[in-house]
Amino acid sequence: MSWFRRTEKGISTPTELKRETPDGLWYQCPECKNVVQTREHQQNAYTCPKCNYHDKIGSEAYFNLLFDEGKYTELDKDMISGDPLNFVDTKAYPARIKATVEKTGLKDACRTAYGKINGVDFTISCMDFGFIGGSMGSVVGEKIARGIDHALKKKTPFLMISKSGGARMMEAGFSLMQMAKTSAKLALLEEAKIPYISLLTDPTTGGVTASFAMLGDLNIAEPGSLIGFAGPRVIKETIGKDLPKGFQTAEFVLEHGFLDFIVDRKELKDKLSSVVTIMMQPS
Ligand SMILES: [Zn+2]
């Protein structure tokens, strides 16, 4: 009798999925399993050269990708969440925040910065999914509101890059209030005739979809992104019907009139500078 035996069947790894190369040097596409050098993947704006799968990236990668020479100034860098409700789930909310800050190096799920995109001044707020699922709490709302204030003051177009699971349950009502707050601030941008572009990335759901993410002068999305309000299971149970194929993908949402266009991340920078140049021409 052998000393070790596999008790469960079906857990063997096919040869093409075995990772032989060290992490950090090679990237394997989760969609088509194609393997490329991480540097090549990065130069390709973190998209797969074979199947064009858009990898999920954070604010740092977006800022470096979009701002000229990767140069930008961050606003409200050190803003950090309070604990207005003394919330405890499996751990106390402040402890969860502290652990997430240590793990991700981020202070919350949104960062705001300004700089130039192909020579055009821009203010960008970008969400980070790595921070408690990109959930929208008071800090996210406040940073977006202040980003909009900056855009108003400097008369720069405002770009919001959303990536979120929705409201932050640990802040309950305070989280939901951010929907109204950011929407009211966006109304001021509209009054001042300053362009607001909303980029929805994978995934954009819940209260974020239901507020600032869908309020752009242009609502655009990355290919293949999941975009929705409630999850498919909840909707299926509510309407008692099977959902159509491709439901809640950017392509489906575009076809049903909720998006203006889908933009390949490799073309994002040039598209942004050219659309706002057109939008800001005096009429
Ligand atoms: Zn691929």
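Conventions we followed
Residues numbered from 1 in each chain as written. Predicted model: local features only at pLDDT ≥ 70, side-chain atom pairs only at ≥ 80, totals over all residues. Helix = DSSP H or I, 4+ residues; strand = E, 2+ residues; numbered from the N terminus. UniProt positions renumbered as here; feature names shortened; annotations may be inferred. Domains from an automatic or database assignment. Contact = placed C-beta atoms within 7 Å. Nonpolar A, V, L, I, M, F, W, Y, C, P; charged D, E, K, R; others polar. Core = buried A, V, L, I, M, F, W, Y, C linked by C-beta atoms within 7 Å. Buried ≥ 20, exposed ≤ 12 C-beta atoms within 10 Å, placed from the backbone. Expected span 1.5 Å × (residues − 1). Arc of directions from axis to C-beta. Pairing = 2+ DSSP bridges. Axes fitted to C-alpha atoms, helices over the stretch in contact; angles between N-to-C directions. Right-handed = clockwise from strand over helix to strand, strands pointing away.

K.L.:
Would you mind going over unusual backbone geometry in detail, with residue names and values included?
P.N.:
Between D202 and the following residue, P203, the backbone shows a cis peptide bond with an omega angle of -5°. Mapped onto the elements, P203 comes out in strand β7 (residues 196-204). The phi dihedral of N52 is positive, around 65°, even though this residue is not glycine. Even without being glycine, N118 reaches a positive phi, approximately 50°.

K.L.:
Give a detailed account of the UniProt feature "zinc finger region: C4-type" (unreviewed entry) in the chain, specifying residues and quantitative values.
P.N.:
The sites that carry the UniProt feature "zinc finger region: C4-type" (unreviewed entry) are, in the present numbering, residues 29-51. End-to-end, the C-alpha atoms of residues 29-51 are 9 Å apart, and along that stretch the chain is 26% helix and 13% strand.

K.L.:
How would you sum up the domain arrangement of the chain? Please name residues and give values.
P.N.:
Split by domain assignment, the chain resolves into domain 1 (22-55) and domain 2 (56-279). A C-alpha centroid distance of 24 Å is found between domain 1 and domain 2. Listed by partner, the interface residues are 8 residues for domain 1 and 10 residues for domain 2. Split by residue class, the side of domain 1 that touches domain 2 holds 3 nonpolar, 4 polar and 1 charged.

K.L.:
Which residues make up the nonpolar core, and what values do they have?
P.N.:
Counting residues in each nonpolar core, the largest one holds 47 residues, and the members touching the most others are L159, M160, I161 and L199. Beyond its immediate chain neighbours, meaning those up to four positions away, L159 contacts F122, I124, I197, L199 and L272.

K.L.:
Residue-level account of helix α5 (residues 172-191), with values.
P.N.:
Residue pairs spaced three or four apart in an α-helix point in one direction, given the helix's 3.6 residues per turn. Taking 1.5 Å per residue as the helical rise, α5 with its 20 residues ought to reach 28 Å, and the 30 Å between its terminal C-alpha atoms agrees with that figure. Three or more residues of α5 are buried, namely S175, Q178, T182, K185 and L186. Downstream of α5 by one or two residues, K193 has phi in the positive range, about 60°.

K.L.:
Mind laying out the UniProt feature "binding site: Zn(2+)" (unreviewed entry) in the chain, listing which residues take part and the relevant values?
P.N.:
Look at the UniProt record and you will see "binding site: Zn(2+)" (unreviewed entry) annotated at C29, C32, C48 and C51. Over a stretch of 23 residues, the named residues converge on one spot in the fold, their C-alpha atoms separated by at most 8.6 Å. With respect to the secondary-structure elements, C32 resides in the loop between β1 (26-28) and β2 (35-37). Looking at the secondary structure, you find C48 in the loop between α1 (38-43) and α2 (59-66). Residue C48 is classed as buried on the basis of its 20 C-beta neighbours within 10 Å. Those residues within four positions of C48 in sequence are excluded, and the remaining contacts are C29, E31, C32, N34 and Y53.

K.L.:
How would you explain helix α9 (residues 268-279) if you had to name every residue and give the values?
P.N.:
A rise of 1.5 Å per residue sets the reference length of α9, with its 12 residues, at 16 Å; its end C-alpha atoms lie 16 Å apart and thus fit the reference within 8%. Taken together, the buried positions of α9 are L268, L272 and V276. Along the axis of α9, the buried positions cluster into a sector of 50°, meaning they face one direction only. Facing away from the buried surface of α9 by more than 90 degrees, the exposed residues are D270 and I278. Where α9 is buried, its residues meet α2, β4 (110-117), β5 (120-127), β6 (158-164) and β7.

K.L.:
An account of the sheet that holds β5 is needed here, citing residue identities and associated values.
P.N.:
One open sheet holds the 7 strands; their spatial order is β3-β4-β5-β6-β7-β8-β9, and the pairing between them is mixed. Each edge of the open sheet carries a strand with a single partner, namely β3 (72-75) and β9 (261-262). Where β4 and β5 come together, 8 bridges link them in antiparallel fashion. Among the inter-strand pairings, T112 is bridged to a residue of β5, identified as S125. The strands touched by α2 within the sheet are β3, β4, β5 and β6, with β5 carrying the most contacts at an inclination of about 165°.

K.L.:
I'd like to hear about the pairing of β5, residue by residue, with values.
P.N.:
Extensive coverage of β5 is indicated by the burial of 6 of its 8 residues. Adjacent in sequence and paired antiparallel, β4 and β5 are bridged by 2 residues, among which N118 carries a positive phi angle near 50°. Alignment of β5 against β6, held across 4 bridges, turns out to be parallel. Bridge pairing in β6 places I124 opposite L159. Crossover connection from β5 via helix α4 (residues 138-154) to parallel β6: handedness right-handed.

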